[in-house]
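# Examination of the molecular architecture
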Number of protein chains: 2
Amino acid sequence: MTASANTNASHAIAPTAAGPTALALATLQALRAELGHAAVLIGDEVPERNRNDNSSQLPVRPLAVVRPADAAGVSAALKACAAAGLKAVPQGGLTGLCGGARPEDGWVAISLERMSGVQEVDSASSTLTVWAGTPLEVVQRAADAAGLYFALDLGARGSCAIGGNLSTNAGGNRVIRYGMARELVLGLEVVLPDGTIITSLNKMLKNNAGFDLKQLFIGSEGTLGIITRIVLRLHGKPRCTMAALCAVDGYDSVLALLNAARSGLGPLLSAFEVMWPDYWQVVTERARVQAAVGQGHAQYVLVEAQGTDEAVDGPRFQAWLEALMERGLLKDAAVAQSLADVQGFWALRDACAEFFQVIGPHISYDVSLPIGRIADFARDCKAALLACDIAGRPAGAGIESIYYGHIGDSNLHLVAWSDGLSLADQPKAQMDATIYGLVQQYGGSVSAEHGIGTQKRKWLGHSRSEAEIALMRTLKSALDPQGLLNPGKVI
Amino acid sequence: MTASANTNASHAIAPTAAGPTALALATLQALRAELGHAAVLIGDEVPERNRNDNSSQLPVRPLAVVRPADAAGVSAALKACAAAGLKAVPQGGLTGLCGGARPEDGWVAISLERMSGVQEVDSASSTLTVWAGTPLEVVQRAADAAGLYFALDLGARGSCAIGGNLSTNAGGNRVIRYGMARELVLGLEVVLPDGTIITSLNKMLKNNAGFDLKQLFIGSEGTLGIITRIVLRLHGKPRCTMAALCAVDGYDSVLALLNAARSGLGPLLSAFEVMWPDYWQVVTERARVQAAVGQGHAQYVLVEAQGTDEAVDGPRFQAWLEALMERGLLKDAAVAQSLADVQGFWALRDACAEFFQVIGPHISYDVSLPIGRIADFARDCKAALLACDIAGRPAGAGIESIYYGHIGDSNLHLVAWSDGLSLADQPKAQMDATIYGLVQQYGGSVSAEHGIGTQKRKWLGHSRSEAEIALMRTLKSALDPQGLLNPGKVI
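Residues numbered from 1 in each chain as written. Chains lettered and ligands numbered in written order. Predicted model: local features only at pLDDT ≥ 70, side-chain atom pairs only at ≥ 80, totals over all residues. Heavy atoms only, no water.

### As for the overall build of chain A
For chain A, the count of helices and strands is 14 helices and 18 strands. Here the C-alpha atoms of chain A give a radius of gyration of 24 Å, agreeing with the 23 Å that 2.2 N^0.38 yields for 491 residues. In terms of overall dimensions, chain A has a C-alpha envelope of 80 × 60 × 40 Å along the principal axes. Of all 491 residues assigned to chain A, the portion counted as buried reaches 61%. At a minimum sequence separation of 6, the contacts of chain A that also span at least 24 residues come to 71%. Total accessible area on chain A is roughly 17100 Å²; 50% of this is exposed by carbon and sulfur atoms. For chain A, the centre of its 40 positive side-chain charges and the centre of its 47 negative side-chain charges are spaced 4 Å apart. (Helix = DSSP H or I, 4+ residues; strand = E, 2+ residues; numbered from the N terminus. Rg over C-alpha atoms; globule rule 2.2 N^0.38 Å. Buried < 20%, exposed > 50% of the residue type's maximum accessible area, 1.4 Å probe, protein only. Contact = heavy atoms within 4.5 Å. Areas by Shrake-Rupley, 256 points an atom, 1.4 Å probe, with all protein chains shown as cover. Lys, Arg positive; Asp, Glu negative; His and termini not counted. Charge placed at Lys NZ, Arg CZ, Asp CG, Glu CD.)

Below, the structure is given as structure tokens:
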């Protein structure tokens with residue numbers, strides 16, 4: 001990877017005072033010669049999609065985008081970047097919310113879009129081997145076609161890439177049963193910042209032959225290596241889904257219901273979603289989503305279970321719920337009688353995706369808290385946001401907020417806004433300081449499932465000690481001493 | 001931590017030409033002054049138990065054993081070791097089979113035996129916080145007393161320490177349902193080789209605030225840090241256990257039964273143990289364990305499921321099994337009618353613990369293989385061992401072997417021996433080379449659940465590439481540049 005390649009190619013862009021160096025351009029041209037013309041797009045050739053992720057920041061055109069066909073191509077790209085001192089950012093489906101895949105000026109984007117497709121389903125091992133650039137939904141369908149189940153699921157399933165899901169350790173709706181993305185990974189192929197290819201495509205549930213290296217790359221947001229291939233763990237396909245929408249009289253009852261679900265439904269319990277009355281009101285009154293349970297309750301819970309036999313598990317779920325009604329724990333409840341009912345219950349929870357239409361410009365937050373403290377946090381956070389002093393808003397009504405989330409997983413989402421302000425004018429700095437300040441006070445995490453990227457980096461110290469962050473830096477320096485792979489992300 | 005402390009204490013041992021240096025002794029005396037007399041035992045004071053683990057090697061008296069009361073004490077001990085250039089080995093229950101906790105001459109053993117006890121059970125979070133030196137069984141009982149369940153279980157439960165379980169990423173019997181020890185950990189407190197205390201006592205299922213540092217210390221056998229406290233994930237307590245002992249006509253039927261169990265029992269499936277006919281014969285004829293299923297079958301499978309309602313799950317299990325009988329998949333089967341029956345089935349599988357009485361001196365192996373290839377491996381391995389040329393043994397009957405294991409987890413155990421030879425005379429080198437050579441050929445792992453320690457270090461390269469091992473060394477150097485914490489273990 002030297003500067004000896006053809007620098008007169010038609011797509012070369014001229015170096016300027018502030019532009020790329022001759023070495024950078026020569027290196028990219030040489031890479032193009034090695035990987036093929038379509039694999040390296042330079043300057044204005046860089047497509048719009050590679051200029052941003054979904055973190056609501058302004059797009060930035062990187063110096064180039066490289067689209068390798070395999071790990072060897074990624075290795076060549078990273079070696080080229082190292083030789084020319086160029087910074088690189090890995091890109092998958094570009095659906096990330098925290099800026100992890102967004103390029104900076106002068107960087108090289110390494111997109112996995114051409115490394116897409118399922119390589120193998122091994123039904124004896126119950127594993128699926130896949131290229132990192134494959135959309136999540138393609139993985140789910142391939143597992144389904146083989147009579148098996150890939151448990152990770154989230155809203156962006158059609159466009160997010162499985163490699164990105166792993167690099168952010170994605171969560172989603174069924175973590176309480178199947179775990180985060182991390183728990184669904186058995187093997188990885190990864191390219192280190194220096195171009196070394198680490199092939200650990202393990203298919204075995206038990207493998208204690210030395211350090212479990214794959215853990216380094218899951219959840220580190222492309223800062224320690226680029227994941228190129230993955231062996232995923234599949235599960236048996238659920239044969240039926242039961243769901244209930246429950247109303248209870250307070251958070252103590254939410255906790256009692258959660259414990260009853262853990263013990264009574266055991267491993268069938270697949271989701272435990274809680275909605276606060278402020279959220280419920282917006283969804284049922286303003287978004288006009290139909291609800292099978294009435295207004296005026298202290299808390300609403302969507303409980304879902306997946307079973308293996310409808311004839312057995314359906315009545316069991318119904319009986320479990322009836323016993324809780326008799327105990328007086330539930331003030332109201334509706335049980336899904338059909339898949340349409342299940343989807344109807346989820347429509348209440350998924351309505352948050354439409355909030356821009358419903359409540360206008362707002363900021364979404366994703367935090368974790370110890371489950372027992374979530375209601376106190378929500379109460380204090382709501383009051384603190386209202387008390388914020390916002391120009392043009394009456395005192396005591398500064399920032400409004402509503403609360404909901406995957407409470408069985410400790411994961412609270414909240415949406416905050418000041419009425420009448422554009423998105424750009426929303427008091428994000430005050431929101432951040434108020435919300436993350438309280439998260440710190442309550443011993444929570446500033447990121448439950450979306451990662452840190454650049455957008456939450458400032459707040460990492462609210463959830464991690466100096467010693468923890470220093471250890472993260474030690475790892476980063478050990479694997480990427482030049483600091484060229486996705487620098488400034490996470491830490 | 002200087003050499004200024006009292007070196008005239010009554011328990012000081014005199015330095016000799018080959019013995020500890022004056023700096024080492026002064027450092028240990030200073031540590032004793034800091035941590036208390038009983039916390040530092042020097043020279044002949046070192047108890048027998050701290051001189052070895054369970055890896056069948058000769059005991060070695062370390063220079064000293066330090067028994068801190070908390071992370072600060074562990075930190076002081078590691079800082080003292082670093083200052084004096086002393087190597088340290090962490091010790092828990094000392095039940096490890098691969099030499100990970102065995103000291104070497106001149107080392108300091110850091111024993112967690114005084115850091116024992118459960119700190120808290122948080123039923124809302126469904127977590128248990130515990131000191132690393134606590135026996136596994138104590139953890140299990142504390143969870144049970146709180147109406148919850150800690151899922152890790154293995155034979156040494158009464159004496160192994162939970163910190164050791166994590167440092168080796170222990171497996172056991174129910175990995176197919178609950179995962180390895182790694183999957184049961186939410187937070188850790190760890191002391192790094194330089195004495196830095198990393199406190200990450202996270203209780204939240206979802207927490208993506210930066211790199212997941214705890215993963216580094218789980219399964220790295222005390223080479224990167226010493227685990228001092230742990231937050232464990234608890235599950236709902238199973239309310240009933242169903243089990244069946246099945247006989248099938250070959251390994252294809254084992255795989256069909258496994259797939260039927262995954263889809264028909266779903267997450268209730270808690271164990272899938274397979275016994276080969278050679279193992280079955282030893283257990284039923286030589287160990288005379290009663291079996292509810294007759295001789296002469298190609299393969300025996302113990303299927304276990306845990307349910308939440310005996311009235312529902314018991315009949316469901318029975319119906320599932322009957323359908324398989326009708327399909328002709330099972331040649332014979334017995335269903336447990338009582339907990340005593342369940343224990344009776346497990347007695348067949350657990351009989352391997354008594355093999356020294358039954359088959360005399362032998363060597364036990366713990367390997368993993370892709371599930372679809374295990375039968376071919378077992379066939380080839382048995383033939384290759386018999387073909388070994390062993391002095392005093394007839395040609396073609398060199399080394400005998402029998403096969404069994406947690407096949408649902410990809411984990412095969414095998415026991416090998418040459419009749420008439422003492423343990424010391426068993427042809428272990430030939431066994432190792434034959435067995436691990438085939439493991440490599442079949443794409444398996446030389447350690448499924450016991451770790452590497454010193455005993456399998458020579459064979460790590462059979463399951464890990466040079467690039468993988470180099471990355472392990474990079475991590476080791478980054479965290480322990482002086483190479484003082486458990487050096488020579490794993491890598």
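Having seen the structure, we can now continue with the description.
### Focus: the sheet that holds strand β10 (residues 226-233) of chain B
All names here are of chain B. Reading across from one edge, β5-β6-β10-β8-β9 is the order of the five strands in this open sheet, with antiparallel pairing throughout. Two strands in the sheet have a free side with no partner beyond their single neighbour: β5 (118-122) and β9 (197-200). Taken over all neighbouring pairs, the strand axes of this sheet differ in orientation by 15 degrees on average, direction set aside. As judged from the five bridges shared by strand β6 (residues 127-131) and β10, these two strands associate in the antiparallel manner. Pairing of Thr129 across the sheet is with Val231, part of β10. Contacts from helix α2 (residues 71-84) reach β6, β8 (185-191), β9 and β10, with the element oriented near 45 degrees to β8. The strands touched by helix α3 (residues 136-145) are β5, β6 and β10; relative to β6, the strand with the most contacts, the crossing angle is about 145 degrees. (Pairing = 2+ DSSP bridges. Axes fitted to C-alpha atoms, helices over the stretch in contact; angles between N-to-C directions.)

### Here's the deal with the interface of chain A and chain B
Many descriptions give the size of an interface as the accessible area lost when the pieces come together. With 87 residues of chain A in contact, the opposing surface of chain B contributes 88 residues. Taken over both partners, the interface formed by chain A and chain B buries close to 6600 Å², and the fraction arising from carbon and sulfur atoms is 60%. The largest contributions to the chain A side of the interface with chain B come from Lys206(A), Asn208(A) and Phe211(A), which together make up 16% of the buried area. At the junction of chain A and chain B, the tally comes to eight salt bridges. Linking Lys206(A) and Glu449(B) is a salt bridge whose minimum nitrogen-to-oxygen distance equals 2.8 Å. Counting across the interface, chain A meets chain B through 44 residue pairs in polar contact (both at pLDDT 80 or more). (Buried area = accessible area lost by both parts, 1.4 Å probe. Salt bridge = Lys/Arg side-chain N within 4 Å of Asp/Glu carboxyl O. Polar contact = N/O pair within 3.5 Å; in protein donor to acceptor, adjacent residues only side chain to side chain.)

### Overview of the environment of Arg174(B)
All names here are of chain B. Within the element layout of this structure, Arg174 appears in the loop between α4 (162-167) and α5 (175-178). Given the relative accessible area of 15%, Arg174 is considered buried. With sequence-adjacent residues up to four places away left out, Arg174 is seen in contact with Tyr149, Asp153, Gly179, Ser270, Glu304, Gln306 and Trp346.

### Brief notes about the sheet that holds strand β4 (residues 108-111) of chain A
All names here are of chain A. Ordered by their spatial adjacency, four strands build an open sheet running β1-β2-β4-β3, and the pairing between neighbours is mixed. Strands with a single pairing partner mark the edges of an open sheet, and in this sheet they are β1 (40-42) and β3 (88-91). In this sheet, neighbouring strand axes are inclined to one another by 20 degrees on average, regardless of whether the strands run parallel or antiparallel. Of the strand pairs in this sheet, β3 and β4 are connected by four bridges, and their pairing is parallel. From the neighbouring strand, Val89 faces β4, where its bridge partner is Ala109. In the packing of helix α1 (residues 22-35) onto the sheet, contacts are made with β1, β2 (64-66) and β4, and the angle to β1 comes to roughly 150 degrees. Here helix α2 (residues 71-84) sits on the sheet and contacts β2, β3 and β4; the angle it forms with β4, its principal contact strand, is near 170 degrees.

### Side note on the packing of helix α7 (residues 251-264) of chain A against helix α9 (residues 310-327) of chain A
All names here are of chain A. In contact at an axis separation of 11 Å, α7 and α9 are set at 145 degrees when each is read in the N-to-C sense. For the element pair α7 and α9, the recorded crossing hand is right-handed. Residues Leu257, Ala260, Ala261 and Gly264 of α7 touch α9, and the partners they reach there are Trp320, Leu324 and Arg327. (Left-handed = near helix turned anticlockwise from the far one by under 90°.)

### Considering helix α14 (residues 466-479) of chain A
Its 14 residues give α14(A) an end-to-end C-alpha distance of 20 Å, which sits within 8% of 20 Å, the value for a rise of 1.5 Å per residue. For α14(A), the complete set of buried residues consists of Glu468(A), Ile469(A), Leu471(A), Met472(A), Leu475(A), Lys476(A) and Leu479(A). When α14(A) is viewed along its axis, its buried side chains cluster within an angular range of 155 degrees and face the same direction. Close packing links the buried residues of α14(A) with α6 (214-217) of chain A together with β9, α6 (214-217) and α14 (466-479) of chain B. (Expected span 1.5 Å × (residues − 1). Arc of directions from axis to C-beta.)

### What about the environment of Asp122(A)?
Residues and elements named next belong to chain A. By the secondary structure assignment, Asp122 is in strand β5 (residues 118-122). Beyond its immediate sequence surroundings of up to four residues, Asp122 is in contact with Thr127 and Lys203. Among the polar contacts listed, one links the side chain of Asp122 to the backbone nitrogen of Ala124, at a separation of 3.1 Å.

### Quick word on the pattern of salt bridges
Under the criterion given, the structure shown has 56 salt bridges over all chains. When the shortest N-O distance is used, the salt bridge between Asp212(A) and Lys214(A) registers 3.0 Å. Arg316(B) is the partner of Asp313(B) in a salt bridge, and the nearest nitrogen-oxygen pair spans 3.5 Å. Here Asp313(B) pairs with Arg316(B), and both are found in helix α9 (residues 310-327), just three residues apart, close to one helical turn. When its relative accessible area of 1% is taken as the criterion, Asp313(B) is described as buried. Through salt bridges with shared partners, a single network forms among Asp153(A), Arg157(A), Arg174(A) and Glu304(A).

### Overview of the confidence of the model for chain A
Confidence in the prediction of chain A, expressed as mean pLDDT, is 94, and 96% of residues score 70 or more. In this model, residues 1-17 of chain A is a region of pLDDT below 50 whose contacts with residues beyond four sequence positions or in other chains number 34 contacts. (pLDDT = per-residue confidence, 0-100.)

### Section: the domain arrangement of chain A
All names here are of chain A. Taken as a whole, chain A is organised into domain 1 (22-111), domain 2 (118-236), domain 3 (240-352) and domain 4 (360-467). Taking only C-alpha atoms, the centre of domain 1 and the centre of domain 4 are 33 Å apart. Each side of the interface is counted separately: domain 1 has six residues, and domain 4 has seven residues. Taking both sides of the interface into account, the surface hidden between domain 1 and domain 4 amounts to around 500 Å²; carbon and sulfur atoms contribute 59%. If you sort the residues of domain 1 by the area they bury against domain 4, Gln57, Leu97 and Cys98 come out on top, with a joint share of 76%. The interface formed by domain 1 and domain 4 includes zero salt bridges. (Domains from an automatic or database assignment.)

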